[in-house]
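If you want the building blocks of each chain, they are given just below.
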Amino acid sequence: MTKQFSGKVALVTGGASGLGRVSALALARAGAQVLVADVAESEGEATVQMITSTGGAALFTQADMTQSREVQAMVQAAVKAFGRLDFALNNAGIDGVRARTANYPEEVWHQVINLNLTGVFLCLKYELPILVEQGGGVIVNMSSVAGVTGFPGHAAYTASKHGVIGLTKTAALDYAQAGIRVNAICPAYTRTPMLSRMLEQKPELETKLISRVPLRRLGTAEEIAEAVIYLFSEAAAFITGHALVMDGGIVAE
Ligand SMILES: NC(=O)c1ccc[n+]([C@@H]2O[C@H](COP(=O)([O-])OP(=O)(O)OC[C@H]3O[C@@H](n4cnc5c(N)ncnc54)[C@H](O)[C@@H]3O)[C@@H](O)[C@H]2O)c1
C-alpha cells in the first residue's frame, strides 16, 4: 500500500530526543525517508534504529545547528543519501536558565539565541535553495507558546521563540511563489526529556504548569507530531506563514 509520504524525504533537527524523535518516527511511519540530525550521536543513532527496525528508512548525521558549515553539510547529506529534500522540521532547541531579565547571564543569552533563532535561520538558509531548485517543499519551525506570550524568567527563550515566528512569516512570504510553505508550531508544556529535566529540578512545578492549562494536562509529543504531519501534508496546502499554537487553551485566556 502506498503511504502518504512515500517517495518523500524529510530532515529533522534535534531528532535524537523528544519532539524531534517522535516526529521522525511519525514521518517514517507515513512513508518518508528521514535524515535525523542532532549533536547527540548515540541518541540520534537510536532514533534511526527505531525507524529501521520497523521497516522504515533513516540515516543519522551529526550536526550542530549553531555552526553554519555543519548545517550546510547536513542538508547536503540528506540530498546525497536520499536524492532530494521535501520536508524540513527545524526543531533543535534549548531552554537556557531561569533568571529575571536583568540577571539573565549574557553567555546563556547568546547560547539560546544562537541555537533557537540563528540555528533556525541557518537551516532555512541551506534548505530553501534546495527546495527552490526542486520546485517546492514544506518547512516547519519549532517555536513555542513562549513565541506568542511572555514567560517569566526565560528572556532568551521567549525572545528566540518570538523570533522564530517572525522568521517563519518572512520566509513564507519570500518563498510562497516558489511553491514552498513555511509554518511554525507553538507547543506549550509537552512531556519530553526537556520538560522532565525542568521538573526534576523543581517537582512542584508540574502541578503549577498543569493549573495554567485550561485543558488541565500537559501535551504529548505524539500530539505535536500529528501537527507536523498535517502541516507537511497536502491537507495543509493553503497554509503558510502560520504559527499553530498547541497549548491546551493557555493563550485563549
Ligand atoms: N517540551 C516542551 O514542552 C516544548 C514546548 C515548546 C517548544 N518546545 C521546543 O521543541 C523543540 C524540541 O524540544 P524537546 O522538548 O523535544 O527537547 P529535547 O531536549 O528532548 O530535545 C532537543 C534536542 O535538540 C538537540 N540539540 C541541542 N543542541 C543542539 C545543537 N546545537 N545542534 C543540534 N541539536 C541540538 C538535543 O541533543 C536534543 O536531542 C525545542 O526547540 C523546544 O524549544 C518544547
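For the structure, check the block above.
Residues numbered from 1 in each chain as written. Predicted model: local features only at pLDDT ≥ 70, side-chain atom pairs only at ≥ 80, totals over all residues. Heavy atoms only, no water.

Caption draft 1: Highlighting the pairing of strand β4 (residues 87–90). Neither face of β4 is exposed, since Phe87 and Leu89 on one face and Ala88 and Asn90 on the opposite face are all buried. Pairing geometry for β4 and strand β5 (residues 137–142), over 4 bridges, is parallel. Bridged to Leu89 within β5 is Val140. Crossover connection from β4 via helix α4 (residues 106–134) to parallel β5: handedness right-handed. (Buried < 20%, exposed > 50% of the residue type's maximum accessible area, 1.4 Å probe, protein only. Helix = DSSP H or I, 4+ residues; strand = E, 2+ residues; numbered from the N terminus. Pairing = 2+ DSSP bridges. Right-handed = clockwise from strand over helix to strand, strands pointing away.)

Caption draft 2: Structural context of the site of the ligand. In the vicinity of the ligand, 28 residues are found, and the nearest of them are Ser17, Asp38, Tyr157, Thr190 and Thr192. One of the side-chain N or O atoms of Asp38 is found 2.6 Å from an oxygen atom in the ligand. Thr190 places a polar main-chain atom, nitrogen or oxygen, 2.7 Å from an oxygen atom of the ligand. Protein chains shield 91% of the accessible area of the ligand, which is 830 Å² for the free molecule. Among the secondary structure elements, those contributing two or more residues to the shell around the ligand are α1 (18–29), α5 (155–175) and α6 (193–201). No other element matches α6, which puts 3 residues into the shell around the ligand. Residues belonging to the shell around the ligand are distributed by class as follows: 15 nonpolar, 9 polar and 4 charged. (Near = heavy atom within 4 Å. Polar contact = N/O pair within 3.5 Å; in protein donor to acceptor, adjacent residues only side chain to side chain. Areas by Shrake-Rupley, 256 points an atom, 1.4 Å probe, with all protein chains shown as cover. Nonpolar A, V, L, I, M, F, W, Y, C, P; charged D, E, K, R; others polar.)

Caption draft 3: Structural detail: α4. Over its 29 residues, α4 extends 41 Å from the first C-alpha to the last, a length consistent with the 42 Å expected when each residue adds 1.5 Å. Where α4 bends most, at Thr118, the angle is about 35°. (Expected span 1.5 Å × (residues − 1). Bend = angle between axes of the 7 residues up to and from the residue.)

Caption draft 4: Structural view of the packing of aromatic side chains. Evaluated as defined, the whole model comprises 2 aromatic pairs. One cation-aromatic arrangement involves Lys125 over Tyr126; the distance from NZ or CZ to the ring centre is 5.8 Å. (Phe/Tyr/Trp six-rings, centres within 6.5 Å; stacked < 30°, edge-to-face > 60°. Lys NZ or Arg CZ within 6 Å of the ring centre and 35° of its normal.)

Caption draft 5: Examining the pairing of β5 more closely. Where burial is concerned, most of β5 is hidden: 6 out of the 6 residues are buried. A two-sided burial pattern is seen for β5, the buried positions comprising Gly137, Ile139 and Asn141 on one face and Val138, Val140 and Met142 on the other. With 6 bridges connecting them, β5 and strand β6 (residues 180–187) associate as parallel partners. Opposite Val138, over in β6, you have Arg181 as the bridge partner.

Caption draft 6: Layout of the environment of Lys80. For Lys80, the location among the structural elements is in helix α3 (residues 68–82). Along the sequence, Lys80 and Thr220 sit 140 residues apart, while their C-alpha atoms lie 33 Å from each other.

Caption draft 7: The arrangement of the pattern of salt bridges in detail. Going through the model one piece at a time under the given rule, you end up with 3 salt bridges. Taking the shortest distance from any N to any O, the salt bridge between Arg84 and Asp86 comes out at 2.7 Å. Assessed through its relative accessible area of 31%, Arg84 is described here as partly exposed. The exposure class of Asp86 is buried, given its relative accessible area of 4%. (Salt bridge = Lys/Arg side-chain N within 4 Å of Asp/Glu carboxyl O.)

Caption draft 8: How the structure looks around the side chain of Thr158. Along the chain, the position of Thr158 falls in helix α5. Ignoring anything within four residues of it in the chain, the contact list for Thr158 reads Ala146, Thr149, Gly150 and Phe151. (Contact = heavy atoms within 4.5 Å.)

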